[in-house]
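Structure assessment
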Amino acid sequence: MAKTPKTKKPTGLSIKRDGRKFTFEWKIGDKDYGDGQQLQWRLSCWKTGSWQKETVGTSVKSKAVYIDLDTVYPTTVNKATSITFRVRGNRKKYKSGKKAVNPTLSDWSSKSFDISEPNKPTVTATLDETLQNVTTFAWETETSETDGRYFRDVEWQSILVQDCEETDGAKLNWDSNALGWLTDTGTASGSNTITEDTALIAGKSFTRWFRIRARGPAGTSDWQYGNHVYSQCYQAKVGTATANETEANGFICSVDWDATGNASNPIDQTTVQYAIVVPEAGLTCPSGASWQDANISKDTADSDNEARCVYNIRQSDACSCRTSEEPVRRIGTDGRCDTPSDDYCYEQLRRRGLIPCD
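Residues numbered from 1 in each chain as written. Predicted model: local features only at pLDDT ≥ 70, side-chain atom pairs only at ≥ 80, totals over all residues. Heavy atoms only, no water.

This part covers the pattern of salt bridges. This structure, assessed with the given rule, holds nine salt bridges. With a closest N to O distance of 3.4 Å, Asp 70 and Arg 152 form a salt bridge. Residue Asp 70 is found in the loop between strand S5 (62-66) and strand S6 (82-89), and its partner Arg 152 is found in the loop between strand S11 (134-140) and strand S12 (153-162); the two are separated by 82 residues along the sequence. Using a relative accessible area of 23% as the deciding quantity, one classes Asp 70 as partly exposed. Glu 155 is the salt-bridge partner of Arg 213, the closest N and O atoms lying 2.9 Å from each other. With Arg 213 in strand S15 (residues 206-216) and Glu 155 in strand S12, the pair connects residues that are 58 residues apart, well separated along the chain. Its relative accessible area of 19% is what places Arg 213 among the buried residues. Because the salt bridges share partners, they merge into one network encompassing Arg 20, Asp 68, Asp 70 and Arg 152. (Salt bridge = Lys/Arg side-chain N within 4 Å of Asp/Glu carboxyl O. Helix = DSSP H or I, 4+ residues; strand = E, 2+ residues; numbered from the N terminus. Buried < 20%, exposed > 50% of the residue type's maximum accessible area, 1.4 Å probe, protein only.)

Structure representation (structure tokens):
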């Protein structure tokens, strides 16, 4: 007795994603599949042998399926790392000579679409321009509707740490019982503004930490961290001030100072000011002096705490000047200084005809 032939299986399988729509495509591997085709798909987290059946016609070579991945992680603990579809066909009955041939179903042909963790977000911290206790953390996540990095949402957490010397957020204790604990979920791009209790942070050092990660059916991205420090800067110490006459009958005045900063008391920016005034008794600067910003040739930073500023004074202006080093309010993500330095350095311009020499 002759063996019943088997239909040739489908070829050229592919899967394309467009958001939640997955399109399965294949080629008919035999002369026809006139006696029908069978199409099934499954998620990797389903039990072995569990398949979702789809209806397809005898000559169809593609099928679009909307797959609800909200039923897996992070809604549940089950993670889907791939989608697999399989298809097979059955050639219709035909004659070979005078003999009728009734082929059996082909073997399955299968194809998988890999799903991976979504891209990690980027996060920035911006201090409010007027309020000293308000910071906005903003994030962006690169997403795609076509690749395997399937994005669902972001999860963020935030804590408030006093006198924090740690600069690596991953080493902190992220616990729901921590001071200032906050948490929520969000979209791929967004922001959250956090307002601190001024009575709590006044005169102390507190770091508001923020971490965020993207989530999808296959799991999560790595945590990404941002922070802002609320603190008073350490007082700057002014070193020397010099005034050298120029060929244009003016002066170039130089001032040097030291300022120390660390993770809990950082310095992000320095402002140096000078005033051109007639000194009062004891070569002191009048209280009503009009101060002007001086150009800083080397800004103060935590890793480089020596700086210098240079500014010019015309002969017609020169009487006496005072230069002060003043760390300004922090505007970056590392911290802020709420109280400027009170140390000043005075330099008398002793030039005949302008200020009598002793």
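On to the packing of aromatic side chains, then. Applying the stated criterion to the full structure yields eight aromatic pairs. An angle of 75° between the planes, with centres 5.6 Å apart, marks the rings of Phe 22 and Phe 113 as edge-to-face. With Phe 22 in strand S2 (residues 21-27) and Phe 113 in strand S9 (residues 109-114), this pair connects stretches of sequence that are 91 residues apart. Each member of the pair, Phe 22 as well as Phe 113, is classed as buried. For the ring pair Phe 24 and Phe 85, a centre distance of 4.4 Å and an interplane angle of 10° mean the geometry is stacked. Linking Phe 24 in strand S2 with Phe 85 in strand S6, this pair joins segments that are 61 residues apart in sequence. (Phe/Tyr/Trp six-rings, centres within 6.5 Å; stacked < 30°, edge-to-face > 60°.)

Another aspect to go through is the nonpolar core. One finds Phe 22, Phe 24, Trp 26, Leu 43, Ile 67 and Phe 85 to be the most contacted residues of the largest nonpolar core, which totals 21 residues. When contributions to this core are tallied by element, the ones reaching two or more residues are strand S1 (11-18), S2, strand S3 (37-43) and S6. Contacts of Ile 67, omitting those with residues within four sequence positions, involve Arg 20, Phe 22, Trp 41, Leu 43 and Ile 83. Phe 151, Val 154, Trp 156 and Phe 210 belong to the second largest nonpolar core, which has 12 residues in total. (Core = buried A, V, L, I, M, F, W, Y, C linked by side-chain atoms within 4.5 Å. Contact = heavy atoms within 4.5 Å.)

Moving on, we come to the sheet that holds S5. Taken together, the three strands give an open sheet; going across it, the order is S1-S2-S5, and neighbouring strands pair in antiparallel fashion. Whereas interior strands pair on both sides, the edge strands pair on one side only; in this sheet they are S1 and S5. Across the sheet, the mean angle separating the axes of adjacent strands is 15° when strand polarity is ignored. When S2 meets S5, the two strands line up antiparallel, connected through five bridges. Bridge assignment links Thr 23 to a residue of S5, and that residue is Ala 64. (Pairing = 2+ DSSP bridges. Axes fitted to C-alpha atoms, helices over the stretch in contact; angles between N-to-C directions.)

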